[in-house]
Amino acid sequence: MKRKEALAAVSILFESTPCFVTVGLTWLDWNTARPSDGNFHLKTLGSGSSVGLGMALALPHRKIAVLDGDGAVIMNANGLITVGRVQPKNLIHIVFDNKIYESSGCIPTASAYNLNIANFGRAAGIPHVRQVDKIDDFKTAVKDAFESDGPHLIVAQVEPSGEDANTSYSRLNEIEGKFKFMRHLERLEKRPLREDAVDIKLSIR
Amino acid sequence: MATVENAGKIIRALKRAGVNFVASLPDASLAYLVEGLDEDNDIVHVPLSREEEGVGVCMGANLAGKRCALMMQNAGLLNSCNALTTTARQIEIPMLLLVLYAGALNDMSFPMLGMVTEPVLDALGIPHYVLNNIDDAPNVVAGALVQAYNAQRPVAILLTKSVL
């Protein structure tokens with residue numbers, strides 16, 4: 001399956017779920033499948049599991065999703081170990097494993113050779129790990145992740161985008177993206193979340 | 001030698017400033033602080049596997065309204081430079097960095113780490129303050145947090161072993 005088709009098949013399941021999305025083609029593909037202020041563009045490769053964990057702990061009543069790639073996960077593999085240790089029940093981490101650094105010159109990643117990311121996740125203590133390579137199975141895995149406690153790690157085996165690769169540019173300024181994302185979260189949570197320096201100063205007695 | 005009493009003073013300073021989320025990686029001098037944070041019911045404490053994760057963990061929590069701190073040794077600060085740049089600085093995420101200052105004045109460990117710590121923070125555009133006296137902890141912690149939100153960036157407090 002292709003990542004673009006897989007994302008299109010599950011986007012409706014996400015509703016307004018906050019999504020942290022790895023930099024590169026996954027971001028472009030996801031914004032096409034689900035355009036939303038609830039999409040956050042990660043700028044540090046590999047930070048998905050960490051950012052998702054932080055928000056999952058801060059909002060334990062809400063599902064938090066991470067859309068990631070094999071190259072990024074390998075770069076911060078210890079993030080999976082921390083997730084396995086902390087066990088955030090509401091975290092859904094989806095890794096599209098195309099076995100290449102697709103946005104960085106299409107050089108093979110370790111998952112093309114020695115690394116099985118799903119097995120790594122299991123060894124790290126993540127209790128719900130699935131590896132899928134068909135759209136229907138992917139859909140079922142994502143649906144289950146939304147309906148049951150996690151942490152969930154779904155490793156989707158995908159083909160490289162090849163000639164279908166999205167060639168557009170993301171024009172979103174990251175600071176504006178942050179504020180849009182926080183306003184989206186505030187609407188979901190029905191309470192203010194953002195604090196400024198005055199809030200901090202006035203709160204300290 | 002680190003003391004439980006000083007760890008308690010630093011945790012009280014964090015709570016007075018409203019810090020309610022701390023990600024950390026231990027150092028021998030930070031052990032009482034780590035234990036104290038684990039036992040504290042008002043602070044979510046996340047044990048990291050590598051310090052750079054902590055920048056992402058704190059951003060995720062900060063976007064959801066938490067007041068965050070990342071606690072580590074200065075070796076971990078060096079491990080975190082990419083995330084501090086491409087996450088914390090680029091996306092303008094306020095957080096406290098509580099950094100054990102190995103190799104500081106009168107500390108024989110890791111002299112090279114001690115020498116590069118403040119120049120690296122300067123290069124990253126991260127304001128930093130050395131805590132030499134534990135009685136200054138409440139004001140320095142509160143002031144650093146206000147500055148972090150005012151300047152929309154991390155602010156580092158360098159913890160010498162004399163305050164631990």
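Preceding block: the structure.
Residues numbered from 1 in each chain as written. Chains lettered and ligands numbered in written order. Predicted model: local features only at pLDDT ≥ 70, side-chain atom pairs only at ≥ 80, totals over all residues. Heavy atoms only, no water.

1. Concerning a nonpolar patch on the surface
Residues and elements named next belong to chain A.
- A cluster of nonpolar residues, Val-23, Leu-45 and Met-75, forms a patch on the protein surface that exposes about 240 Å² of accessible area.
- Along the polypeptide, Leu-45 turns up in the loop between strand 2 (39-41) and helix 3 (48-58).
- Take Leu-45: its relative accessible area is 36%, and that puts it in the partly exposed class. (Patch = residues over 30% accessible without salt bridge, like charges linked within 9 Å, V, L, I, M, F, W, Y side chains within 5 Å. Areas by Shrake-Rupley, 256 points an atom, 1.4 Å probe, with all protein chains shown as cover. Salt bridge = Lys/Arg side-chain N within 4 Å of Asp/Glu carboxyl O. Helix = DSSP H or I, 4+ residues; strand = E, 2+ residues; numbered from the N terminus. Buried < 20%, exposed > 50% of the residue type's maximum accessible area, 1.4 Å probe, protein only.)

2. Quick word on empty space enclosed by the protein
All names here are of chain A.
- Evaluation of the coordinates by the stated rule reveals 2 cavities of 30 Å³ or more.
- Volume-wise, the largest cavity comes out at about 90 Å³.
- For the lining of the largest cavity, the class distribution of residues is 4 nonpolar, 3 polar and 5 charged.
- There is about 50 Å³ of room inside the second largest cavity.
- Forming the walls of the second largest cavity are Asn-39, Phe-40, His-41, Leu-172, Glu-174, Gly-177 and Lys-178.
- Elements with a contribution of two residues or more to the lining of the second largest cavity: strand 2 and helix 8 (174-189).
- By residue class, the composition of the lining of the second largest cavity is 2 nonpolar, 3 polar and 2 charged. (1 Å grid on protein atoms, 1.4 Å probe; cavity = no way out; pocket = protein on both sides within 12 Å on 5 of 7 lines; lining within 4 Å. Points joined across faces, edges and corners; volume = space filled by probe spheres on them. Nonpolar A, V, L, I, M, F, W, Y, C, P; charged D, E, K, R; others polar.)

3. What about the pairing of strand 6 (residues 154-159) of chain B?
All names here are of chain B.
- Within strand 6, 6 of the 6 residues are buried, leaving the element largely enclosed by the surrounding structure.
- Neither face of strand 6 is exposed, since Pro-154, Ala-156 and Leu-158 on one face and Val-155, Ile-157 and Leu-159 on the opposite face are all buried.
- Judged from the 6 bridges that link them, strand 4 (residues 95-100) and strand 6 form a sheet pairing that is parallel. Bridge pairing in strand 6 links Leu-100 to Leu-159.
- One ladder, built from 4 bridges, connects strand 5 (residues 128-131) with strand 6; its direction is parallel. (Pairing = 2+ DSSP bridges.)

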